[in-house]
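# A structural walkthrough
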Amino acid sequence: MKLVFQRTVGLQEKETHYCPGCTHGIIHRLVGEALEELDILEDTVGVASVGCSVLSYEYFNCDMTQAAHGRAPAVATGIKRVLPNNRIVFTYQGDGDLASIGMAEIIHAAARGEHITVIFVNNATYGMTGGQMAPTTLIGQKTATTPLGRNEQTQGAPIRVSEMLATLDSVAYIERVSTHNIANILKAKKAIKKAFRYQKEQVGFSFVEVLSTCPTNWGLDPEESLQWVEDNMVPYYPLGVKKDRGVTTNVT
Ligand SMILES: Cc1ncc(C[n+]2csc(CCOP(=O)(O)OP(=O)(O)O)c2C)c(N)n1
Ligand code: SF4
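Notes on the structure follow. (Residues numbered from 1 in each chain as written. Chains lettered and ligands numbered in written order. Predicted model: local features only at pLDDT ≥ 70, side-chain atom pairs only at ≥ 80, totals over all residues. Heavy atoms only, no water.)

### Some thoughts on the site of ligand 1
Taken together, 16 residues form the shell around ligand 1, and within it His-24, Cys-52, Gly-96, Asp-97 and Gly-127 come nearest. Met-128 is positioned with one of its backbone polar atoms (N or O) 2.9 Å from an oxygen atom of ligand 1. When the free accessible area of ligand 1 is taken as 590 Å², the share hidden by the protein chains comes to 74%. Element by element, the count of residues in the shell around ligand 1 is highest for helix 3 (residues 95–101), at four residues. (Near = heavy atom within 4 Å. Polar contact = N/O pair within 3.5 Å; in protein donor to acceptor, adjacent residues only side chain to side chain. Areas by Shrake-Rupley, 256 points an atom, 1.4 Å probe, with all protein chains shown as cover. Helix = DSSP H or I, 4+ residues; strand = E, 2+ residues; numbered from the N terminus.)

What follows is the structure, given as structure tokens:
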């Protein structure tokens, strides 16, 4: 019989707690597959953050730990520095965690050129705590704390984290990808794999921003949510490579 689907050993055989239609689960799978295909599961330590992915330490099939709100890049720095160079360290963080309380941590980890990989899940809201405005919430977007829609005059404009970090000299690789359709999921997989390869080959700090859904707090069904990403998020958060220092070795 032809095998058409199998689990990745990069994830535990466990049901996740994510809401139906939430693309956190897809992103987990892509990370798990990348770790499996690069054969680095045994060498990897992941750092879970705060937010809906707080329990990601239960899902990835590698060593995991947990950091306080926003502190994942600092915790990852410490872990990476005390372990031998061949160990892989990554963080998995939402936009509330990374771009709000954790903004200082991520900027300085990137500026130091830490040899870690950051998976940054941008769903334009604080998912776990009830859909408050995040630094990435779009202008006009209604949230629990901006019921009339985010207003630039009073709440400022959404932050494009990838572009901002790409200005830092010490950064090796930054790409923004999305999970709103199959073509983009495949591109996201490539980017995540490349980010881990860059770390493996000690090129430097690698960062993948993944546009993701939050049907529960957006008040949309799963299909409408995917369309919302395409119609509203992609125009403001353009996909593609923001920085690539490149390497002498063949990294694809
Ligand atoms: C210091 C601190 N401030 C606030 C909180 C509350 N808190 C927990 S998760 C979260 C939002 C995280 O949202 P995000 O990172 O966007 O992830 P998502 O849930 O959307 O995946 C907040 C504000 C906290 N736990 N600790
Ligand atoms: S609240 Fe939003 S981000 Fe959190 S699991 Fe549900 S859909 Fe996903």
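### A look at helix 1 (residues 24–37)
In this model, helix 1 (14 residues) spans 20 Å end to end at C-alpha, consistent with the 20 Å of a helix rising 1.5 Å per residue. The complete set of buried residues in helix 1 reads His-24, Ile-27, His-28, Leu-30, Val-31, Gly-32, Glu-33, Ala-34 and Leu-35. Along its buried surface, helix 1 packs onto strand 1 (44–48), strand 3 (88–94), strand 4 (117–122), helix 7 (182–200) and strand 6 (205–211). Downstream of helix 1 by a residue or two, Asp-39 has a phi angle that is positive, lying close to 60°. (Expected span 1.5 Å × (residues − 1). Buried < 20%, exposed > 50% of the residue type's maximum accessible area, 1.4 Å probe, protein only. Contact = heavy atoms within 4.5 Å.)

### What about the pairing of strand 3?
Along strand 3, seven of the seven residues are buried, which leaves the element largely enclosed by surrounding structure. Here strand 1 pairs with strand 3 via five bridges, running parallel. Of the residues in strand 3, the one forming a bridge with Val-45 is Val-89. (Pairing = 2+ DSSP bridges.)

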